[in-house]
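Structure at a glance
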Amino acid sequence: MPAPTKQQAPALNRGAEARASVLPTQNQYSSIEQALVDALAAYGVTGLAIRADGALHRFDSADKPKGNRNGWYVCPSLEVGVYGFWHTGEQHTIGIGGEIDPTAAAEARLAYQRAREKREEEQRQQHANTADQTRCEWPLLVPASPTHAYLATKGVKPHNLRQMRGLLVVPLTDGHRLVNWQTIAPDGAKYFQTGGKVKGCYSPIGNIVQHQPLLIAEGWATAATLHEATGYAVAAAMNAGNLLPVAKSLRERYPTHPIIVCADNDHGTTGNPGVTKGKEAASAIGARCVWPETHEGVTDFNDLSRLGGGLAL
C-alpha cells in the first residue's frame, strides 16, 4: 500500500503545530500494524515488527545515531495506534481507515499519557542508578595527568578531572551532587555514561566569588580556557542544547549573580547553533552572551586562545 502523504506524516522538527495530531487515514488497512509500518516509513523508520499488544515499544529515529531509541509507538486497540518521537515532542494518532472516532482518539491519548509516564519513570530510575554508580566509582579514580594528550592539545590544566586508564573523566553535577560523568579519549572522543542525566547538569571549574561573573560555556576545554584566562568560575554545559537548561538552573540558584554565556561560534554550520543557543540561554535569564569573532579555524574560546587571541569578555 502507498505510504501516507506528507500531510499525514509531518517531518521531524517542524514545530509546535506538528507536536500532536489525529491523522485521518486516507488508505484502508486490514490491520493497525500495517498502518503503523507505512506511517513510520514516511519518517525513514523501516524494518520494525509492529506489535499491537497495548504495550509501549521504542525504536531508533532515523535522524539520530543508531541506538538513540527516541521513537515510540503503542496500540491501545487493534484499530488505533499512537506513535511519536521523544526528542521532538511529536505525537500522532492513526487508525486503520477513515476518521478516528472520539472514543478511540481518547483511548489513544490515554495510552500516550501512560507511555509517557512509564518512560519518565524509567528515565528517573536510570538517572538514579547511574548517579549512585558514579558517586561510588568517582573516589576510586586518580587525578588526571597534566600530560594527557587531550589536555596537551587543548593547552589547559586538568583542574578537577580524574583519569581512568587513558580516559579523562569529567564530573557532572546537578548543582547539588555528582550525578554523571563524561569520558574524553586522547583523540577527543567524548561519551557520557549510559543512562546518566545530562540535561541541566554541568561541570564546574573554580569557585563563585561575589561580584565576579559566573561564566557558562559549552565544552569542558573551553570552560577551562576561560577560567584560566579570567579566574572566574565557569560551568561547562557540555553541549549547545544544554546551555539553556544549565542557565536556568544556575539563575534559580543565583538569582542576582552576574552571568555571562560564552557561546561557541559555529560559523561554518548552517544556523550557527552555538551562537543561536547561546543567545537563547542568555535571553532567558537576563544575561549577556559573548562569542569569539569569526576567524578561520576558530569556533570557540579555546581555539582563539591557542591562536594567540585575547579573551576579553
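Not measured: the values here are computed from a predicted model.

1. Quick word on the overall build of the chain
- In terms of helices and strands, the chain carries seven helices and 15 strands.
- Its C-alpha atoms give the chain principal-axis dimensions of about 65 × 40 × 40 Å.
- Here the chain holds 313 residues, and the buried ones make up 48% of them.
- Taking contacts inside the chain between residues at least 6 apart in sequence as the whole, the part at least 24 apart equals 54%.
- Averaging the locations of the 30 positively and 29 negatively charged side chains of the chain gives two centres separated by 6 Å.

2. Some details on the pattern of salt bridges
- Taken as a whole and judged by the stated rule, the model has three salt bridges.
- The partner of Asp-303 in a salt bridge is Arg-306, with the nearest N and O atoms 2.9 Å apart. With a gap of three residues between them, Asp-303 and Arg-306 both fall in helix α7 (residues 301-306), about one helical turn apart.
- Judged by relative accessible area, which is 11%, Asp-303 ranks as buried.
- Taking relative accessible area as the criterion, Arg-306 reaches 42% and is therefore assigned partly exposed.

3. What about the confidence of the model for the chain?
- Scored by pLDDT, the chain comes out at a mean of 88, with 90% of its residues at no less than 70.
- Counting interchain partners and residues more than four positions distant, the pLDDT-below-50 stretch residues 1-18 has 38 contacts.

4. Description of helix α1 (residues 32-41)
- Within α1 the residues assigned to the buried category are Ile-32, Ala-35, Leu-36, Asp-38, Ala-39 and Leu-40.
- As for α1, its buried residues are in contact with β2 (57-59), β3 (71-74), β4 (80-85) and β5 (90-95).

5. Some thoughts on the state of the cysteines
- The full count for this structure, using the stated rule, is zero disulfides.
- In this structure Cys-201 is a free cysteine whose sulfur lies 18 Å from that of Cys-136, the closest cysteine sulfur available.
- According to the relative accessible area criterion, Cys-201 is buried, its value standing at 0%.
- The thiol of Cys-289 is unpaired, and the distance to the nearest cysteine sulfur, on Cys-262, comes to 8.0 Å.

6. Notes on the sheet that holds strand β11 (residues 203-205)
- What the five strands build is an open sheet, ordered β11-β13-β12-β14-β15; its pairing is mixed. Each end of this open sheet is capped by a strand with a single partner; those strands are β11 and β15 (288-290). The sheet shows a mean angle of 25° between the axes of neighbouring strands, taken without regard to direction.
- Examined bridge by bridge, strand β12 (residues 214-217) and strand β13 (residues 234-236) share three bridges and lie parallel to one another. Along β13, the bridge assignment pairs Leu-215 with Val-234.

7. Looking at the nonpolar core
- In this structure, Leu-161, Leu-168, Trp-220, Leu-226, Cys-262 and Phe-301 are the most contacted members of the largest nonpolar core, which totals 30 residues.
- Those elements giving two or more residues to this core turn out to be α3 (149-154), β8 (167-173), β9 (178-184), β12, α4 (220-230), β13, β14 (259-262) and α7.
- The biggest single contributor to this core is α4, with five residues.
- Ignoring anything within four residues of it in the chain, the contact list for Leu-161 reads Pro-143, Ala-144, Leu-151, Leu-168, Val-169, Val-170, Pro-171 and Trp-220.
- Judged by nonpolar contacts, the second largest core, of 19 residues, contains Ile-216, Ala-247, Leu-250 and Ala-282.

8. Describing the sheet that holds β8
- Across the sheet, which stays open at both edges, the five strands sit in the order β6-β7-β8-β9-β10 with antiparallel pairing between neighbours. The sheet is open, and its two borders are formed by β6 (142-143) and β10 (190-192), each paired with just one other strand.
- Where β6 meets strand β7 (residues 162-164), two bridges bridge the pair, whose relative direction is antiparallel. By the bridge assignment for β7, Pro-143 is matched with Arg-162.

9. Considering the pairing of β5
- Of all six residues in β5, six are buried, a share of seventy percent or more.
- Residues Glu-90, His-92 and Ile-94 line one face of β5 and the alternating positions Gln-91, Thr-93 and Gly-95 line the opposite face, and both faces are buried.

10. Remarks on the environment of Pro-258
- Considering the arrangement of structural elements, one finds Pro-258 in the loop between α5 (243-253) and β14.
- Judged by relative accessible area, Pro-258 falls into the partly exposed class, the value being 37%.
- Sequence separation of Pro-258 and Gln-212 is 46 residues, and the distance between their C-alpha atoms is 7.1 Å.
- Ignoring anything within four residues of it in the chain, the contact list for Pro-258 reads Gln-212, Pro-213 and Leu-214.

11. Thoughts on the packing of aromatic side chains
- Within the structure shown, the criterion is met by six aromatic pairs.
- Ring centres 6.0 Å apart and planes at 90° place the aromatic pair Phe-59 and Phe-85 in the edge-to-face group. With a gap of 26 residues between them, Phe-59 in strand β2 and Phe-85 in strand β4 connect regions that are remote in the sequence. Considered together, Phe-59 and Phe-85 belong to a single accessibility category, that of buried residues.
- Centre to centre, the rings of Trp-138 and Trp-181 are 6.3 Å apart; their planes meet at 45°, and the pair counts as tilted. Of this pair, Trp-138 sits in the loop between α2 (102-137) and β6 while Trp-181 sits in strand β9, and the two are 43 residues apart along the sequence. Exposure class is identical for Trp-138 and Trp-181. Each is buried.
- Joined through ring pairs, the aromatic side chains of Tyr-43, Phe-59, Tyr-73, Tyr-83 and Phe-85 make up one cluster.

Parameters and conventions
Residues numbered from 1 in each chain as written. Predicted model: local features only at pLDDT ≥ 70, side-chain atom pairs only at ≥ 80, totals over all residues. Heavy atoms only, no water. Helix = DSSP H or I, 4+ residues; strand = E, 2+ residues; numbered from the N terminus. Buried < 20%, exposed > 50% of the residue type's maximum accessible area, 1.4 Å probe, protein only. Contact = heavy atoms within 4.5 Å. Lys, Arg positive; Asp, Glu negative; His and termini not counted. Charge placed at Lys NZ, Arg CZ, Asp CG, Glu CD. Salt bridge = Lys/Arg side-chain N within 4 Å of Asp/Glu carboxyl O. pLDDT = per-residue confidence, 0-100. Disulfide = S-S within 2.5 Å. Pairing = 2+ DSSP bridges. Axes fitted to C-alpha atoms, helices over the stretch in contact; angles between N-to-C directions. Core = buried A, V, L, I, M, F, W, Y, C linked by side-chain atoms within 4.5 Å. Phe/Tyr/Trp six-rings, centres within 6.5 Å; stacked < 30°, edge-to-face > 60°.

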